[in-house]
Amino acid sequence: MNEGDSQTVPVDNTYREVVVHGNREFQRYALENGIYFAPVDDDEIERLQYMHEIFNMMFDGRLIFPPVPRPRRILECGSGSGSWAVEVAEQNPECEVIGIDVYPYPVPENIPPNLDFQVDDLNSPSTFPSNYFDLVHSRMMAGGIHANRWMNYLSDILRILRPGGWCQMVEIYFNAQSDNGTLTSNHALQVWSQSYMQSIQPAKDPRAPLRLQNWMTQAGFVEVESRLLTLPLSGWSTDHRDHAIGTANQANVHRLMSSLAAFPFAQALNMTNTDIQLLVAQARNEADNPAFKV
């Protein structure tokens, strides 16, 4: 972090404090303020990096979708492990890239000189000046933005974008469904999905990914385009590309089911660690079963 920047100050050690639940490390500030319920330990950082590679496979290596030929400033909201921000900074050496997250994740080694990671709570109003960024990238923020904050969050993004700037958002709707309809509400995968969505409410809106297009239009964005993609949980598909993505995603899904469930299932649903791990194990088996085609 650049301490000489008028917008930044040294990281408050409050953001660095962690607590342990179910043998996983969580940011104390995030839990106490209902901001983020996933772990911040090394295992989760590794999973986030792996999930970035899954996204790269899904998007055919494209990091930026809208037409931004010569960006001067790019902001990533929810930078996590920093994988996206690092790649964008490397590909755009003349562009200033800023990544923001509520937790001060370890900075990757040898980051590009045009990249700066900052710590901030995106549930608070943005302090960046208006008309500042060419692109704002927001990915996997449904688990971090308060349910009643979304419209103000989008309005903040619109304000800090320069005229003609773009906002790119990527979210996952965690509702496991089978391509052939064989997965029912009694299956562990569906129980996990419904339990997850129940456990993060009312603090978060699990259906936010489905509402973004309407919300962005209401906030004042124009030329809003939404694409709904299917993310296979395993390599069941006969399509070569989907098979490759599903096969690669298998390990991510196994870890994601455990990391996203560990805290909210225990706190909101009063499940024991044994019950959580049993449900996760059953859901993993179903995700791996090609008969369900999920």
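Residues numbered from 1 in each chain as written. Predicted model: local features only at pLDDT ≥ 70, side-chain atom pairs only at ≥ 80, totals over all residues. Heavy atoms only, no water.

Draft legend 1. Structural view of the side chain of N114. Topologically, N114 is positioned in the loop between β4 (96-101) and β5 (115-119). Here N114 falls in the buried class, since its relative accessible area comes to 16%. (Helix = DSSP H or I, 4+ residues; strand = E, 2+ residues; numbered from the N terminus. Buried < 20%, exposed > 50% of the residue type's maximum accessible area, 1.4 Å probe, protein only.)

Draft legend 2. Structural view of the sheet that holds strand β3 (residues 73-77). One open sheet accounts for five strands, arranged β5-β4-β3-β6-β7; its pairing is parallel. The open sheet terminates on both sides in strands that have one partner only, identified here as β5 and β7 (161-170). Averaged over all adjacent pairs, the angle separating strand axes in this sheet is 20 degrees, with direction ignored. In the sheet, β3 pairs with strand β6 (residues 133-139) via four bridges, with the strands oriented parallel. The residue bridging L75 from the neighbouring strand is V136, located in β6. Sheet strands in contact with helix α3 (residues 83-91) are β3, β4, β5 and β6, and its direction is about 155 degrees off that of β5. (Pairing = 2+ DSSP bridges. Axes fitted to C-alpha atoms, helices over the stretch in contact; angles between N-to-C directions. Contact = heavy atoms within 4.5 Å.)

Draft legend 3. Representation of the packing of helix α5 (residues 188-199) against helix α7 (residues 240-269) within the structure. As a packed pair, α5 and α7 sit with axes 9 Å apart at the nearest point and diverge in direction by 55 degrees. By the criterion of interaxial angle, the relationship of α5 to α7 is oblique. Between α5 and α7 lies a crossing whose hand is left-handed. Counted together, L189, W192, S195, Y196, Q198 and S199 of α5 and L256, M257, L260, A261, P264, F265, A268 and L269 of α7 form the full contact between these two elements. Here the residues of the contact of α5 with α7 are counted per class, giving eleven nonpolar, three polar and no charged. (Parallel < 35°, antiparallel > 145°, perpendicular 65-115°, else oblique. Left-handed = near helix turned anticlockwise from the far one by under 90°. Nonpolar A, V, L, I, M, F, W, Y, C, P; charged D, E, K, R; others polar.)

Draft legend 4. Summary view of the nonpolar core. Judged by nonpolar contacts, the single largest core of 51 residues is most densely connected at F174, L189, W192, Y196, M257, L260 and F265. For this core, the leading source of residues is α7, giving ten residues. Filtering out sequence-adjacent residues up to four positions away, Y196 remains in contact with F174, L260 and F265. If you look at the next biggest cluster of nonpolar residues, it comprises 26 residues, including L75, L122, F133 and M216. (Core = buried A, V, L, I, M, F, W, Y, C linked by side-chain atoms within 4.5 Å.)

Draft legend 5. How the structure looks around α7. Maximal helix bending in α7 amounts to about 45 degrees, located at A261; proline P264 follows within four positions. Between the side-chain oxygen of the N-cap and the backbone nitrogen of R241 there are 3.1 Å, and the N-cap of α7 in question is D239. Of the residues flanking the end of α7, it is N270, one or two places downstream, whose phi is positive at about 60 degrees. (Bend = angle between axes of the 7 residues up to and from the residue. Polar contact = N/O pair within 3.5 Å; in protein donor to acceptor, adjacent residues only side chain to side chain.)

Draft legend 6. Spatial organisation of the pattern of salt bridges. Counted by the stated rule, this structure contains twelve salt bridges. Here R47 and E44 are joined by a salt bridge, their closest N and O atoms 2.9 Å apart. Here the residue R47 and the residue E44 both occupy positions in helix α2 (residues 42-58), the gap between them amounting to three residues, near one helical turn. In this pair, the class of R47 matches that of E44, namely buried. In this structure, R227 and E225 form a salt bridge, with 2.9 Å as the shortest nitrogen-oxygen distance. Accessibility classification places R227 together with E225 in one group, the exposed group. A network of salt bridges, in which partner residues are shared, links E17, R28 and E32. (Salt bridge = Lys/Arg side-chain N within 4 Å of Asp/Glu carboxyl O.)

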